[in-house]
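What follows is the residue order along each chain.
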Amino acid sequence: INPLNLGSIIAELMPENCIVSDEAVTAGIGLFPMTAGAAKHDWLMQTGGSIGQGLPVAVGAACACPERKVLALQADGSAMYTVQALWTMARENLDVTTVIINNGSYAILNVELKRVGVQNPGPVALSLLDLTRPEIDWVKISEGQGIPAVKVTTTEELRDALTDALSVKGPRLIEAMVDMEALLAAAT
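Just so it is clear, the structure is predicted and the values come from calculations on it, not from any experiment. (Residues numbered from 1 in each chain as written. Predicted model: local features only at pLDDT ≥ 70, side-chain atom pairs only at ≥ 80, totals over all residues. Heavy atoms only, no water.)

1. Focus on the pattern of salt bridges
At step 1: Across all of its chains, the model carries 6 salt bridges by this definition.
At step 2: Put simply, K169 and D95 hold a salt bridge, and the shortest N to O gap is 3.5 Å. Highlighted residues: K169 in the loop between α9 (155–166) and β6 (172–177) and D95 in the loop between α5 (85–91) and β4 (96–102), separated in sequence by 74 residues.
At step 3: Here D95 falls in the buried class, since its relative accessible area comes to 10%. (Salt bridge = Lys/Arg side-chain N within 4 Å of Asp/Glu carboxyl O. Helix = DSSP H or I, 4+ residues; strand = E, 2+ residues; numbered from the N terminus. Buried < 20%, exposed > 50% of the residue type's maximum accessible area, 1.4 Å probe, protein only.)

Right, here's the structure in full:
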């Protein structure tokens, strides 16, 4: 899965009148161009450097507009800041489909290293941006908080999982594994 085909699938399947809570950060680079012609929707996103706002914003949107589907597009690193929002989604049976865009890294910080001219960051610096030691299992985290979840690694699996999740009422989570190299290439 890369940022452009992620955006394309979101645009294709986004239901009419949905609310998007976007904290996809670096992985969201393909969302705007691909969703420009999608079904009518509202888009909520961070306006500054606040990490972790995406899941709570999705909770608030679902509480405020229970008749509308909420689609939370969430980066893996920033989701760790407010993971407890998943429990609230389950407890209140909120109609939120969460897509955790998992690149196993604080990718935005890798991009920022390049932007400030760091050519060859050392192993210690890189290890601080790595989210694979230990690897975060979003399916287990989600299920442990009461939300059915699935992990996808291909665009076909993503399309099928998103179709299924959007077709039911209540919280669902999809862990979408994103190609880090494609992500960094698109972001720089």
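2. Focus on the pairing of strand β1 (residues 18–23)
At step 1: For β1, the buried fraction is high: 6 of the 6 residues fall into the buried class.
At step 2: By the alternation rule, side chains of β1 split into C18, V20 and D22 and I19, S21 and E23, which are all buried.
At step 3: With 5 bridges connecting them, β1 and strand β2 (residues 41–45) associate as parallel partners. By the bridge assignment, I19 is partnered in β2 with D42. (Pairing = 2+ DSSP bridges.)

3. Section: helix α3 (residues 54–64)
At step 1: Three or more residues of α3 are buried, namely G54, L55, A58, V59, A61 and A62. Considered in projection along α3, the buried side chains sweep an arc of 165° and stay on one side of the axis.
At step 2: Where the residues of α3 are buried, they touch β1, β2, β3 (70–75), α4 (76–79), α5 and β4. (Arc of directions from axis to C-beta. Contact = heavy atoms within 4.5 Å.)

4. Examining the sheet that holds β2
At step 1: On the basis of which strands lie adjacent, the open sheet formed by 6 strands has the order β2-β1-β3-β4-β6-β5 and parallel pairing. Every other strand in the sheet has two partners, leaving β2 and β5 (149–152) as the edge strands with one partner each. The average angle at which neighbouring strand axes cross in this sheet is 15°, direction not considered.
At step 2: Where β5 and β6 come together, 4 bridges link them in parallel fashion. In the strand pairing of β6, A149 is matched with L173.
At step 3: Across the face of the sheet, α9 comes into contact with β3, β4, β5 and β6 while running at roughly 170° to β6. (Axes fitted to C-alpha atoms, helices over the stretch in contact; angles between N-to-C directions.)

5. Brief notes about the state of the cysteines
Where two cysteines share a covalent bond between their sulfur atoms, that bond is called a disulfide.
At step 1: Counting across every chain of the model gives 0 disulfides.
At step 2: We note that C18 lacks a disulfide partner, and the nearest cysteine sulfur, in C65, lies 11 Å from it.
At step 3: Not engaged in a disulfide, the cysteine C63 finds its nearest cysteine sulfur in C65; these two sulfurs lie 10 Å apart. (Disulfide = S-S within 2.5 Å.)

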